[in-house]
Amino acid sequence: MIPPAFEYARPETVEEAVRLLAEAGDEAKVLAGGQSLLPLLRLRLAFPELVVDVGRIPGLRGVREDGDTLVIGALTTHHEVIRDPLVRRHAGLLAAATATVADPAVRHRGTLGGSLAHADPAGDLPAVVLALDGELVAAGPEGRRTVPAREFFVDYLQSALSPDELLIEIRVPKADGWGFHYEKFHRVAQSWAIVGVAALVRREDGRIAEARVGLTNMGATPLRASAAETALAGADGPDPVRRAASGAAEGTRPGQDASASPEYRAHLARVLTERAVLTAAGMG
Amino acid sequence: MTDQAVAGEVGREVGRARPRKEDARLLTGQTTWTDNIQVAGMLHLAVLRSPMAHARITRVDVAPALERPGVLAAFSGADLAEGLGSLPCAWPVTEDIVLPDHPPIAVDEVRYAGDPVAVVVARDRYAAADALEAVEVDYDPLPPVLDLEAALAEDAPLVHSDKGTNRCYAWPLATGESFAAVRERADVTLKRRYHQQRLIPNAMEPRAVVVTPLAASGEYTVYSATQIPHILRIMLATVTGIPEHKLRVIAPDVGGGFGSKLQVYGEEALALAVARELGRPVKWTESRSEGYLATHHGRGMIQDIEVAATREGRLLGLKVDLVADMGAYLMLVTPGIPILGAFMYPAIYKMDAYEFRCTGVFTTRTPTDAYRGAGRPEATFAIERIMDELAAELGLDPVEVRRRNWIRREEFPYTTIAGLTYDSGDYEAATDRALSLFGYDDLRAEQRARNERGDPVRLGIGVSTFTEMCGLAPSRVLRDLRYGAGGWEAASIRMLPTGKVEVVTGTSPHGQGHETCWSQIAADVLGVPFEDVEVLHGDTKSSPQGMDTYGSRSLAVGGEAVHRAATTVVAKARKVAAHLLEASEQDLEFRDGVFSVKGSPEARRSIQEIAFEAFTNHDLPDGVEPSINAEHVVDPENFSFPHGTHLCAVEVHTETGWTRIRSYVCVDDVGRVVNPVIVEGQVHGGLAQGIAQALYEEAVYDDEGNLVSGSMADYLVPSAPDLPDFVTDRTETPATSNALGVKGVGEAGTIASTPAVVNAVVDALRPLGVTDVRMPCTPERVWRAVREATA
């Protein structure tokens, strides 16, 4: 389809981007890899007056270490995330989940920052960054601020970013020594997850000492399966994990669409949590 | 007869795995898709569509759109009504069929979400799309009509209120004994209801049309992404009143159709009407989501099927009661699609009674029409599903129950209970080969083991022994079916003076590879190099006569026409050769493109030299035409009947409902094969589409009649990672109804695979008590079926 008419700007710096966003008020949209925004424009579901293309701002792409934290530039593409040695070493969950995103063409264009800022609960990466206890760094007219992932995803397609803020980097604590797995359930390879479960597990003495479980597409935002996480502590084998995972859908509000009912999604959340945790814990 | 004998020698090219001539062009982007066509001064159309399923139009004001930048004109339905007739339905299947008026653009009432209500014409596509938003339309909502059975109730709201009913037609067929009689003596009867969900065809290339008018002569050239340039020309002449000889229709490179471009669309007529109105060239190209609303859909039926059989599993009779969703209007062959299926329900089986009835129903949804297989996949699904149910009921292996009923190889030609005469086939050979490639017995053993240990991942094996009818069609049969035209096809061969060859065909390829195959056929008969043959098609000026491409007819009918025309070229060349070689025709041999005199091998002329001689010779004898060109129009004597055995193994995860196709084996018999690479490609693509119906695709509407699966995000077309590696093989039983022995392959994979997959899913779950899963067998549906059965 044909997108509605819009003005286009391609700032060279974060400051210029923020200024353009601030001037446009609510009427601007940020374009990074374009894998979420362009379909919205073409289906005429978004009508921005201004599209701010941040794709060529230097310094927003790539991965670096900062002590115990991994810092990933918002414009780092999915493909780069998957192949990055630092991500693979310290945040393997992110690399593994990103490898399930859409198809190679999308992964070469789409960016981590774009996927998170889009705040689609059906996207794979919001739940992953939530499970990783990541933080998101935004630049605005007042400077920079850091938002924990737990506070970043506010509602359906709505993040904590204000219209004049730009997501510039994602900070993820290194999860060295944690087992991980992303269990995605979708009908065809290129479709959204009906449900996805991101699991991180730290084991001590053959038991699960600590587990973090992020849920994709189980509500208006990505969610943590808190009840299951609590119940998983101390689990020492498949049966306790299964019992703990049976609480994975507690507190969720999954939606209805052509592929699945809320009831089925809740069932999947339990089954997939069990699988993801068992795999992450090496108990599968 | 000498020439027939020569023709029988084809085989140097026919059967050879030639890479397709078309591919270099297609793969390097040197194609002419309709949307690539640029003409000086060309304007762009955008179509405003109804956002609701059913409403009275109380006001359309296009004036605000005219204020928008770049807009030159805008029209409501009323503005264009005078110059546009009703879109055609060429297949009124019964005498008393209800044929509603179908304006290319709605005037008073919209009857499906997507029905056109206004047209904006602008300097570029963007301006046209933007200006659509300025058109003002007021609607007075009417109740949607969505449930096929409720639509037939006395007090149901009507799609076409002037017709007084939503029943379009009722078409019955009853042959052999009465079903009631055979049911009396049957040991077992089974009755099932199957749902054929609506499908959206997904040709890679969206629809597009370009019209260029020539004011001085009143001529119009219509470029369209169509399967049917010849039929389109006639129909557009009728709809617009532009005389046929002033219309030229060109189907340039066309990127797939699957039946969706076997159509005369409102947008084609609108583009022509606007070009006539403005005297300017115009273009319209649909977007994918627009196509989902406005390009016809396929399937959409409720099938009640009943079989009566003996204890030993011998079929006695079959009864089918169909309700078919026509959608809001009858398009080119809408009513005929389920009727094509009527003859295929008995499939490869012998029985004593057959009763069929189809009721066509109007609904407020996008019209339905041909989609790959068109009536035959639906029929094959229902019979192959219920054969598995019969096997289960009797405790027989599903292959065995088929074996006990199918037409044995020595019984051909065989006239089926539905009245078709199957000329050839060997179901035993195809099935035995498939079973062996599949490792049937080993998989059954694994299945038993999994069932015994209560494995949460069950194994299922699905069988489909299908046949279909291709080569649409003998004109006499079409007459009896009240089809609006004959089933012939035309070809001509132009022997150019330099010895090169132009094959002109009335078929209209849109991905099939006719240029390659027709070249192979002509090269063999004429004995000329493959590279010396060019195939012309898809332009009513260069290829004036044709019935176009659909229904797996092109090779069996159009290829046959090429073969016969080439045979006539050889016969005509023989006369010229006899003169040049000073010999009698009887003394000439023709081999590998060369005429020689028996006993004097040095006296020889190639057919390519003879083409030059015919052009230049000054002293041909009386009665010998100075041309060896020839043309032929073939009216086939019968359909052709490809068949095959498809076997599918699935793993079904009972915990989640997830289904994975573990292996898929098919052995198809498509008669003689002209090009095995092309046949393989057709089978693979067909399998993908059939599997898609079984597991993935469905056009979903909400209670208001809005298309919910309105984009590829919701309408799930599978891609390579979702499909298994296919194991394909062939048996080759030549058709006897054409000299080439070919049967057709365009739809076989789609027809056969859907029941094979669903049979496999049900087979996996049968030990748990599941007897059916509605298509598409989504994970949730499978999960619910397991849960309900085991509750």
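Residues numbered from 1 in each chain as written. Chains lettered and ligands numbered in written order. Predicted model: local features only at pLDDT ≥ 70, side-chain atom pairs only at ≥ 80, totals over all residues.

Caption draft 1: The arrangement of the sheet that holds strand β1 (residues 43–49) of chain B in detail. Residue and element names in this part refer to chain B. Taken in spatial order, the seven strands of this open sheet run β3-β5-β1-β12-β9-β10-β11, and their pairing is mixed. Where the open sheet ends on each side, the last strands, each with one partner, are β3 (71–76) and β11 (247–250). On average, adjacent strands in this sheet sit at an angle of 20° to one another, irrespective of strand direction. Of the strands in this sheet, β10 (219–224) and β11 are in contact with helix α7 (residues 229–240), which crosses β11 at around 145°. (Pairing = 2+ DSSP bridges. Helix = DSSP H or I, 4+ residues; strand = E, 2+ residues; numbered from the N terminus. Axes fitted to C-alpha atoms, helices over the stretch in contact; angles between N-to-C directions. Contact = placed C-beta atoms within 7 Å.)

Caption draft 2: Structural detail: the domain arrangement of chain B. All names here are of chain B. Per the domain assignment, the segments of chain B are domain 1 (23–30 + 488–634) and domain 2 (406–470 + 639–791). Just the C-alpha atoms count here: the centres of domain 1 and domain 2 sit 40 Å apart. With 14 residues of domain 1 at the interface, the matching set in domain 2 holds 15 residues. Secondary-structure elements contributing two or more residues to the side of domain 1 that touches domain 2 are α16 (514–526) and α17 (554–580). The element contributing the most residues to the side of domain 1 that touches domain 2 is α17, with five residues. Class assignment of the residues belonging to the side of domain 1 that touches domain 2 gives a composition of four nonpolar, eight polar and two charged. (Domains from an automatic or database assignment. Nonpolar A, V, L, I, M, F, W, Y, C, P; charged D, E, K, R; others polar.)

Caption draft 3: Broad picture of the interface of chain A and chain B. Between chain A and chain B, the residue contacts involve 18 residues of the former and 23 residues of the latter. Ranked by the residues each element gives to the side of chain A that touches chain B, the list is headed by helix α12 (residues 262–280) of chain A, at three residues. For the side of chain A that touches chain B, the class distribution of residues is 13 nonpolar, four polar and one charged.

Caption draft 4: Structural view of the confidence of the model for chain B. Residue and element names in this part refer to chain B. Summarising the model, chain B shows a mean pLDDT of 96, and 99% of its residues fall at 70 or more. In the model, residues 1–10 has pLDDT below 50 throughout and makes eleven contacts with residues more than four positions away in sequence or in other chains. Under the prediction, the complex receives an ipTM of 0.96, its pTM being 0.96. (pLDDT = per-residue confidence, 0-100.)

Caption draft 5: The UniProt feature "domain: Aldehyde oxidase/xanthine dehydrogenase a/b hammerhead" (unreviewed entry) in chain B, seen in detail. Here, UniProt's "domain: Aldehyde oxidase/xanthine dehydrogenase a/b hammerhead" (unreviewed entry) annotation points to residues 28–143 of chain B. In the segment residues 28–143 of chain B, helix accounts for 15% and strand for 30%; the C-alpha atoms at its two ends are 50 Å apart. (UniProt positions renumbered as here; feature names shortened; annotations may be inferred.)

Caption draft 6: Structural context of the pairing of strand β12 (residues 282–285) of chain B. All names here are of chain B. Across the two faces of β12 the burial is the same, with Val282 and Trp284 and Lys283 and Thr285 all buried. Where β1 meets β12, two bridges bridge the pair, whose relative direction is parallel. When the bridges of β12 are listed, Leu43 appears paired with Val282. Two elements, strand β9 (residues 208–214) and β12, share four bridges in a ladder whose sense is antiparallel. The partner of Val210 across the bridge, within β12, is Lys283. (Buried ≥ 20, exposed ≤ 12 C-beta atoms within 10 Å, placed from the backbone.)

Caption draft 7: Representation of the domain arrangement of chain A in the model. Domain boundaries assigned for chain A yield domain 1 (7–51), domain 2 (63–173) and domain 3 (191–280). Here domain 1 of chain A and domain 3 of chain A have C-alpha centroids that lie 35 Å from each other.

Caption draft 8: Looking closely at the nonpolar core. If you look at the biggest cluster of nonpolar residues, it comprises 343 residues, and the most contacted ones within it are Leu93(A), Val120(B), Ala522(B) and Val761(B). No other element matches α17(B), which puts twelve residues into this core. Residue contacts for Val761(B): discarding those within four places in its chain leaves Gly460(B), Val650(B), Val652(B), Thr659(B), Val773(B), Cys777(B) and Val782(B). (Core = buried A, V, L, I, M, F, W, Y, C linked by C-beta atoms within 7 Å.)

Caption draft 9: Molecular detail of helix α8 (residues 124–131) of chain A. Residues and elements named next belong to chain A. Within α8, eight of the eight residues are buried, which leaves the element mostly enclosed by the surrounding structure. Among all positions of α8, only Asp124, Leu125, Pro126, Ala127, Val128, Val129, Leu130 and Ala131 are buried. Taken from the residues just after α8, Asp133 is the one with a positive phi, measuring 55°.

Caption draft 10: Representation of the sheet that holds strand β7 (residues 167–176) of chain B within the structure. Residues and elements named next belong to chain B. If you trace the five strands from one edge of the open sheet to the other, you get β7-β15-β14-β13-β8, paired in mixed fashion. Bordering the open sheet on either side are β7 and β8 (188–199), each of which pairs with just one other strand. The sheet shows a mean angle of 10° between the axes of neighbouring strands, taken without regard to direction. Note: β8 against strand β13 (residues 298–309), eleven bridges, orientation antiparallel. Counted as the bridge partner of Leu190 is Val307 from β13. Each of β8, β13 and β14 (315–327) touches helix α11 (residues 376–394); the most contacted strand, β8, lies at about 145° to it.

Caption draft 11: Structural context of the packing of helix α11 (residues 238–245) of chain A against α12(A). Residues and elements named next belong to chain A. Put simply, α11 and α12 touch, their axes get as near as 8 Å, and they point 140° apart. Taken together, the axes of α11 and α12 are oblique relative to one another. In terms of crossing hand, the pair formed by α11 and α12 is right-handed. Within the contact between the two elements, α11 uses Pro238, Val241, Arg242 and Ala245 and α12 uses Arg270, Thr273, Glu274, Val277 and Leu278. A class-by-class count of the residues in the contact of α11 with α12 yields five nonpolar, one polar and three charged. (Parallel < 35°, antiparallel > 145°, perpendicular 65-115°, else oblique. Left-handed = near helix turned anticlockwise from the far one by under 90°.)

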